[in-house]
Protein chains: 2
Amino acid sequence: MAAEKVYRASTTAPVNIAVVKYWGKRDAKLNLPTNSSLSVTLSQSDLRTLTTASCSASYPASEGDSLLLNGEPSDVSGARTQACFRELRARRAALEAADPSLPKLSTMPLRLVSENNFPTAAGLASSAAGFAALVRAIADLYELPASPSELSLIARQGSGSACRSLFGGYVAWRMGEAADGSDSMADQVAEAKHWPDMRALILVVSAAKKGVSSTSGMQQTVATSGLFQERIAKVVPENMARMEKAIKERDFEAFAEVTMRDSNSFHATCADTYPPIFYMNDVSRAAIRAVETINQAAGRTVAAYTFDAGPNAVIYYLEKDTEAVVGTFFHVLGGAIDGWKDSVIKGLKPTVSLDEGAAGLLKGGVSRVILTGVGEGPVKTEEYLVAEDGSPVRR
Amino acid sequence: MAAEKVYRASTTAPVNIAVVKYWGKRDAKLNLPTNSSLSVTLSQSDLRTLTTASCSASYPASEGDSLLLNGEPSDVSGARTQACFRELRARRAALEAADPSLPKLSTMPLRLVSENNFPTAAGLASSAAGFAALVRAIADLYELPASPSELSLIARQGSGSACRSLFGGYVAWRMGEAADGSDSMADQVAEAKHWPDMRALILVVSAAKKGVSSTSGMQQTVATSGLFQERIAKVVPENMARMEKAIKERDFEAFAEVTMRDSNSFHATCADTYPPIFYMNDVSRAAIRAVETINQAAGRTVAAYTFDAGPNAVIYYLEKDTEAVVGTFFHVLGGAIDGWKDSVIKGLKPTVSLDEGAAGLLKGGVSRVILTGVGEGPVKTEEYLVAEDGSPVRR
């Protein structure tokens, strides 16, 4: 008999780093947040997940759906992943019911292969890019007419912040009000090209030990922090409004202040959790001091720090201030660690000198850097991680 | 002519460590707080200030009032110290006006000599004990009929937390409502003998650099933290009520939980300040982890951490749990550092082993310990730091 056709679709999806943080679920099963959030999508030339989704009647039903992640078999039986598969299959099944001439892809096992172009060791939240790529790739495979916002509803159920990785540029996740989560989705506040000179320097800080996972951490905060309600009721709504305005007006000073204040507020509610959760360490705090020193020396705000659920510092700045920001950190950290780009650091003079304490902590605690900037959303690609015969591509 | 008489009075006053923290002024001039607070008075055999107040017509008016603190001349021209002198002199002057036979001490220069029995290097807030001793000694010199609560009104104007050091045991500072501060004073929640087996282990942590002073730090928090209002409006009032109940019922589990939660809440508002204020460092956090480990191993809450405006950990525990608490830290820190008491550590077996990370941070970062417990308020003494001829006593 003729070999059954293998259907394939490949997409890349970006990482996003929030400037107004998502922390807290009002519905854990549906991944509905206690507050809206806003992020900057980072360039896929530096940080991206490439995922190929494939399905075929020739795939043994006994194997079921499968995912190969960075060369390792990955469990897809979790409720989050299953929810994404279920939602996408239902939409495909509806198309097939409306047009019987369509192949019954919704009935075939899914074989997914996914790879990140950045070290998992970096401790960067890769689940956002991962679920965004997974959802986008399957949607393309199924040829769903779904908009990015509609797909963000699905990706959200895989990993909350993944819904923001379905867009490029500056992206808001609206918390919504509906109990079924039908209005908790992402939209684009501004395209990357609206404010293209936004840059990010990521200081990868090696944590002594893995901190509390964000999933359980945020639930503990919601349950025990006496200050958390104030954050979601007042602080975040104000920060969302200020941040959208700052982005629309390309006002970096305002962007930076809200970014730093919101990161501080988020980590404050973690410290107010019982027992307390600490994601930042002395190296993280040294990065904060460094940013404050750089801004003081510049006489204006040229850099903004933000921290997710870990010790890594993400420092946003504008391309024109590369010397003041990157030059200072390159001078302190030296060229020995990975991640510097010759095109960026070439000819940078050290403009600011940090106090010895902060410099020593950074030198001892930063294991690598990542230089990137604002970028585009998921991109369909002809690069496949599944061969035409359905076998994973060896690389 | 016969030498003019030198009038003298000596008192000792204790340090207090808050379990519900004072952080924020609603009136900086009068030292009126944004919230009530509650503290444990620590034993003066370990931590105390001894102050002799003296005055004499023979003291040259040109010298004015003076204070010799730990052998060094100390400025008394500050508004805080002047407020205490003014308030005390006014009360003495009223007595003199009512009884012309009384010597006119209110018109004589004050010569004060003060000494702490603990190293200033320990970075323990000594201003509380210092102003409490200063006010109590002058009040005794002037033979004022003032109650400790009335004197707490005066000491509060010198240093807010000093008002709590005028009592022994368990002490509340009621924030009050009057604009003139006439109802912002301390009272005793319970005597030391009501719950005498309360102990404190202080881990003195050497800070990389001096942090923001509490006076300016709390003003920055009031001005910039979006979470602070929630703390003073809801969190602290609840903690005050729970803490008073826990103390009255000698309920250590409740005492410990409120103590740790309130310390977390206080430091969370510091982290939410813009720019953020960090008093704790990685060593402080290791102490928190150690306390959590000790409590888990005991299967109940036997230790409670609290941190003031610095990295030192104060760990409260009950005498019966000395082995679980002190034994664990002694085993980790070793006997090389100062502050262990043979009477306390004799025969203590290590009952809990900490993870290597926390143990390493503590071993590297704790410079000395202080073993103490709940104690009495100011005590009048015949030990004078000013000789009968008015000269400072050399020791």
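Rules behind the numbers
Residues numbered from 1 in each chain as written. Chains lettered and ligands numbered in written order. Predicted model: local features only at pLDDT ≥ 70, side-chain atom pairs only at ≥ 80, totals over all residues. Heavy atoms only, no water. Salt bridge = Lys/Arg side-chain N within 4 Å of Asp/Glu carboxyl O. Helix = DSSP H or I, 4+ residues; strand = E, 2+ residues; numbered from the N terminus. Buried < 20%, exposed > 50% of the residue type's maximum accessible area, 1.4 Å probe, protein only. Contact = heavy atoms within 4.5 Å. Buried area = accessible area lost by both parts, 1.4 Å probe. Polar contact = N/O pair within 3.5 Å; in protein donor to acceptor, adjacent residues only side chain to side chain. Least-squares fit on C-alpha atoms with pLDDT ≥ 70 in both. Pairing = 2+ DSSP bridges. Axes fitted to C-alpha atoms, helices over the stretch in contact; angles between N-to-C directions. Arc of directions from axis to C-beta. Phe/Tyr/Trp six-rings, centres within 6.5 Å; stacked < 30°, edge-to-face > 60°. Lys NZ or Arg CZ within 6 Å of the ring centre and 35° of its normal. Disulfide = S-S within 2.5 Å.

**Student:** Would you mind going over the pattern of salt bridges in detail, with residue names and values included?
**Tutor:** Residue and element names in this part refer to chain A. For the structure shown, the criterion picks out 48 salt bridges over all chains. The closest approach of N and O atoms between Glu388 and Arg8, which form a salt bridge, is 3.9 Å. Taken together, the residues span a long stretch of sequence, with Glu388 in the segment after strand 16 (379-381) and Arg8 in strand 1 (residues 6-14) at a distance of 380 residues. Between Asp262 and Arg231 there is a salt bridge, with the nearest N and O atoms lying 3.0 Å from each other. Residue Asp262 is found in helix 6 (residues 252-271), and its partner Arg231 is found in helix 5 (residues 228-248); the two are separated by 31 residues along the sequence. Each member of the pair, Asp262 as well as Arg231, is classed as buried. Through salt bridges that share partners, Arg174, Asp187, Glu244 and Lys248 make up one connected network.

**Student:** If you had to explain the interface of chain B and chain A to someone new, which residues and values would you point to?
**Tutor:** If you look at the interface, chain B gives 29 residues, while chain A gives 29 residues. Taken over both partners, the interface formed by chain B and chain A buries close to 2,500 Å², and the fraction arising from carbon and sulfur atoms is 59%. Counting the surface chain B buries against chain A, the share from its top three residues, B:Leu227, B:Tyr274 and B:Phe278, is 26%. At the boundary of chain B with chain A, the tally comes to 2 salt bridges. With its nearest N and O atoms 3.3 Å apart, the salt bridge here joins B:Arg285 to A:Asp282. Inspection of the region where chain B meets chain A yields 7 residue pairs in polar contact (both at pLDDT 80 or more). Secondary structure elements with two or more residues in the side of chain B that touches chain A: helix 5 (228-248), helix 6 (252-271) and helix 7 (282-298) of chain B.

**Student:** Outline the relation of the copies chain B and chain A, supporting the account with residue identities and numerical values.
**Tutor:** You can overlay chain B on chain A at an RMSD of 0.0 Å; the transform is a turn of 180° with a shift of 0.0 Å along its axis. With respect to symmetry, the two chain copies, as superposed, fit the operation of a two-fold axis. Ranked by how close their C-alpha atoms come to the rotation axis, the residues of chain B are headed by B:Ala268, at 2.2 Å. Of all interface residues in chain B, 100% are interface residues in chain A too; the two copies therefore contact each other through one and the same surface.

**Student:** Go over the sheet that holds strand 10 (residues 170-173) of chain B with me, naming the residues and quoting the values.
**Tutor:** All names here are of chain B. Taken in spatial order, the 4 strands make up an open sheet running 2-5-10-11, and their pairing is antiparallel. At either end of the open sheet lies a strand with only one pairing partner, and these are strand 2 (16-20) and strand 11 (186-190). Here the average twist between neighbouring strands, direction ignored, is 35°. With 4 bridges connecting them, strand 2 and strand 5 (residues 37-41) associate as antiparallel partners.

**Student:** Outline helix 4 (residues 214-224) of chain A, supporting the account with residue identities and numerical values.
**Tutor:** Here helix 4 of chain A has its buried residues at A:Gly217, A:Met218, A:Thr221 and A:Thr224. In a view along the axis of helix 4 of chain A, the buried residues occupy a sector of 150°, so they form one face of it.

**Student:** Describe unusual backbone geometry, with residues and values.
**Tutor:** All names here are of chain A. With an omega of -5°, the peptide bond between Tyr274 and Pro275 qualifies as cis. Tracing the chain through its elements places Pro275 in the loop between helix 6 and helix 7 (282-298). Phi is positive for Asn70, close to 50°, though the residue is something other than glycine. Mapped onto the elements of the fold, Asn70 is located in the loop between strand 7 (66-69) and strand 8 (72-74).

**Student:** Describe the pairing of strand 7 (residues 66-69) of chain B, listing the residues and the values that go with them.
**Tutor:** Residue and element names in this part refer to chain B. In this sheet, strand 9 (residues 110-116) lies alongside strand 7 in parallel orientation, the contact comprising 4 bridges. The residue of strand 9 that forms the bridge with Leu68 is Val113. Here strand 7 pairs with strand 8 (residues 72-74) via 3 bridges, running antiparallel. Paired with Leu67 across the strands is Ser74, a residue of strand 8. Counting the residues between successive antiparallel strands, the hairpin from strand 7 to strand 8 contains 2 residues, one of them, Asn70, with a positive phi of roughly 50°.

**Student:** Give me the lowdown on the environment of B:Phe278, citing residues and values where you can.
**Tutor:** In this structure, B:Phe278 sits in the loop between helix 6 and helix 7. The spatial distance from the C-alpha of B:Phe278 to the C-alpha of B:Pro311 is 9.0 Å, given a sequence separation of 33 residues. In this structure B:Phe278 touches A:Met280, A:Arg285, A:Ile288, A:Arg289 and B:Ala271, once residues within four positions along its chain are discounted.

**Student:** Got a sec to walk through the packing of aromatic side chains? Specific residues and values, please.
**Tutor:** Residues and elements named next belong to chain A. Evaluated as defined, the whole model comprises 18 aromatic pairs over all chains. Ring centres 5.6 Å apart and planes at 80° place the aromatic pair Trp195 and Phe255 in the edge-to-face group. Taken as a pair, Trp195 in the loop between strand 11 (186-190) and strand 12 (198-205) and Phe255 in helix 6 lie far apart in primary sequence, 60 residues in all. For Trp195, a relative accessible area of 2% translates into the label buried. According to the relative accessible area criterion, Phe255 is buried, its value standing at 0%. The aromatic ring of Tyr384 is capped on one face by Arg8, whose charged end is 3.9 Å from the ring centroid. Above the face of the Tyr59 ring, Arg111 is positioned so that its terminal group lies 3.7 Å from the ring centre.

**Student:** Which residues make up helix 3 (residues 148-158) of chain A, and what values go with them?
**Tutor:** Residue and element names in this part refer to chain A. Here helix 3 lies mainly inside the structure; 9 of its 11 residues are buried. Taken as a whole, helix 3 has its buried residues at Ser149, Leu151, Ser152, Leu153, Ile154, Ala155, Arg156, Gln157 and Gly158. Contact partners of the buried residues in helix 3: strand 4 (32-33), helix 1 (79-98), helix 2 (127-141), strand 10 (170-173) and strand 11.

**Student:** A description of the state of the cysteines should follow, citing residues and the corresponding values.
**Tutor:** Residues and elements named next belong to chain A. According to the stated counting rule, one finds 0 disulfides over all chains in the structure shown. In this structure Cys55 is not part of a disulfide, and its nearest cysteine sulfur, from Cys84, lies 17 Å away. According to the relative accessible area criterion, Cys55 is buried, its value standing at 0%.

**Student:** Could you give an account of the sheet that holds strand 14 (residues 313-318) of chain A, with specific residues and numbers?
**Tutor:** Residue and element names in this part refer to chain A. Taken together, the 4 strands give an open sheet; going across it, the order is 13-14-12-15, and neighbouring strands pair in antiparallel fashion. Strands with a single pairing partner mark the edges of an open sheet, and in this sheet they are strand 13 (303-306) and strand 15 (366-373). With direction set aside, neighbouring strand axes in the sheet form an average angle of 20°. Inspection of the sheet shows strand 12 paired to strand 15 by 7 bridges, in the antiparallel sense. In the strand pairing of strand 15, Arg199 is matched with Gly373. Lying on the sheet, helix 6 is in contact with strand 12, strand 13 and strand 14; it crosses strand 13 at an angle near 25°. Of the strands in this sheet, strand 12 and strand 15 touch helix 10 (residues 356-365), which is tilted by about 90° from strand 15.

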